[in-house]
Amino acid sequence: MHATKLYDVAVVGAGAFGAWTALQLARRGKRVLLVDAYGPGHSRSSSGDESRIIRMGYGTDEIYTRWSQRSLVQWRELFAATGNEELYRKTGVLWLAEAENPQLRVTKDVLKRNGAEFEELDRDGIVARYPQINVDGIASGILELESGVLLARRAVAAVVAEAVRIGVEFKLIAIAEPHGNGEIESLSSTAIEGSAAQRFTAKTFVFACGAWLAKLFPEILGDRIFPTRQSVFYLGIPGGEVRFSFPALPTWLIKNDECYGMPDLESRGLKIALDKHGERVDPDTQSRMVTPEEIAEIRRYVAYRFPALANAPIVETRVCQYENTSNGDFLIDRHPTLSNVWFAGGGSGHGFKHGPAVGEYIAGQLLDGSEPEERFLFDKKKTIQHRTVY
Ligand SMILES: Cc1cc2nc3c(=O)[nH]c(=O)nc-3n(C[C@H](O)[C@H](O)[C@H](O)COP(=O)(O)OP(=O)(O)OC[C@H]3O[C@@H](n4cnc5c(N)ncnc54)[C@H](O)[C@@H]3O)c2cc1C
């Protein structure tokens, strides 16, 4: 009989958070197992769309500015080292808002303090540079110059490939909820009819399960992680039209409208989505089809802000979920009763970009006993949603 292999750390979940956690721990010399029920960056995961914005502006929540800057360096180093430079697109990120928008004002100070390059635009400057946008109600802008877009699902695959190259083992396994107090020795797969349960042992377990954290730990996270339905649209650009591609159009966020989008990347069309939280959903079973109401809402919006695309066809859609905490801060902490079990989640609609910093932070917590950031702790997670981090 074989002795069971003992890993230093088993990471459950191969999205942006889990993949980077596995990679950063392996870089620190740890023996790591990474498992996912469906595969890295799969279509039902939050990390599974084509693209995610990486921006530095976070209003007063400066820790995310610093993490984003640090993460961008690491994403780009990884892409350069693995021949994947095309997975980062430096489109710039344009913030638009009404005059004197408080978040933009603070963001400018924070960007300056942290050495993030940006340009300020007034209404005339916005109109002159971006005539394809209807600027009703918009009077100020910031263009982050080094920011842009990560080609998300392929970026996750690149992280996992690198992790495996340096020794991480990856397995396709769906894990059952662990129970108990004290420490646990092993995790088991969920029972699949006709097959034996798989077991593995590790000294420490990190659950980076996105929206599934609420399902896996219903008693403690069922009302602290709020998975919400989010729909994304890609609009076909008229033939020969260049105003919706980079460099004519950067990635953009319009604060007044709670809406964001990206220029036509890889000829997939203008990506556009509302940042408002949708209904609570189950990530395994929610419908991935957009509804007629969602289509009507986005069509109204596009006709208003991008009038030249009023009749553009919808060429692709995605339905995903945010895995929100009460206020949008991440959840990175030890399980309250299982001392060798950790959570890494609560990306809350803005987590993807931070994968490298999340992995580094967890490595610091696990291996160095670093001082925790209070805002990430389990105790800080409320059961009523009140979003403050954007
Ligand atoms: C529409 C949309 C737009 C977004 N835009 C941005 C953006 O522009 N910029 C940005 O930075 N962020 C953005 N985000 C947020 C970002 O995508 C997420 O915060 C991030 O991808 C979360 O990564 P994760 O690894 O925590 O979760 P996930 O990517 O969901 O990964 C969790 C993984 O855990 C696995 N898992 C769960 N349960 C089990 C189990 N029992 N056994 C084994 N495996 C399991 C799942 O299969 C899954 O692969 C957006 C999110 C959405 C939905």
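Residues numbered from 1 in each chain as written. Predicted model: local features only at pLDDT ≥ 70, side-chain atom pairs only at ≥ 80, totals over all residues. Heavy atoms only, no water.

Draft legend 1. Spatial organisation of the site of the ligand. Near the ligand you find 35 residues, and of these Asp36, His42, Ser47, Ile53 and Glu323 are the closest. Phe17 places a main-chain nitrogen or oxygen 3.0 Å from an oxygen atom of the ligand. Here a nitrogen atom of the ligand and a backbone polar atom of Gly349 are 3.3 Å apart. Broken down by element, the shell around the ligand gets its largest block of residues, four residues, from strand β16 (residues 314-324). (Near = heavy atom within 4 Å. Polar contact = N/O pair within 3.5 Å; in protein donor to acceptor, adjacent residues only side chain to side chain. Helix = DSSP H or I, 4+ residues; strand = E, 2+ residues; numbered from the N terminus.)

Draft legend 2. Spatial organisation of the packing of aromatic side chains. Using the criterion set out here, one finds 17 aromatic pairs in the structure. Ring geometry for Trp20 versus Trp75: centroids 5.2 Å apart, planes at 85°, classification edge-to-face. Taken as a pair, Trp20 in helix α1 (residues 16-27) and Trp75 in helix α2 (residues 62-81) lie far apart in primary sequence, 55 residues in all. Trp75 carries the same exposure label as Trp20, and that label is buried. With 6.2 Å between their ring centres and 65° between their planes, Phe244 and Phe306 make a pair best called edge-to-face. Of the two residues, Phe244 is situated in the loop between β12 (226-235) and β13 (251-254) and Phe306 in the loop between α8 (292-305) and β16; the sequence distance between them amounts to 62 residues. Like Phe244, the residue Phe306 is buried in the burial classification. Taken together, the ring pairs connect Phe17, Tyr58, Tyr64, Trp67, Phe330, Tyr361 and Phe376 into an aromatic cluster. Over the ring of Tyr58 we find Arg55; its NZ or CZ atom is 4.2 Å from the centre of that ring. In this structure, Lys255 packs its charged tip against the face of Tyr390, placed 4.8 Å from the ring centre. (Phe/Tyr/Trp six-rings, centres within 6.5 Å; stacked < 30°, edge-to-face > 60°. Buried < 20%, exposed > 50% of the residue type's maximum accessible area, 1.4 Å probe, protein only. Lys NZ or Arg CZ within 6 Å of the ring centre and 35° of its normal.)

Draft legend 3. Here's a closer look at the sheet that holds β13. With mixed pairing, eight strands are arranged side by side in an open sheet as β6-β7-β5-β13-β14-β15-β12-β16. The sheet is open, and its two edges are formed by β6 (118-122) and β16, each paired on a single side. The mean angle between the axes of side-by-side strands here comes to 20°, regardless of whether they run parallel or antiparallel. Where strand β14 (residues 259-262) lies against strand β15 (residues 270-274), four bridges are found, and the strand directions are antiparallel. Residue Met262 lies in a different strand from β15, and its bridge partner there is Lys271. Helix α3 (residues 102-113) rests against β5 (93-97), β6 and β7 (140-144) of the sheet, and its axis sits at about 30° to β7. Against the sheet, α8 touches β12, β13, β14, β15 and β16, its axis set at about 55° to β12. (Pairing = 2+ DSSP bridges. Axes fitted to C-alpha atoms, helices over the stretch in contact; angles between N-to-C directions. Contact = heavy atoms within 4.5 Å.)

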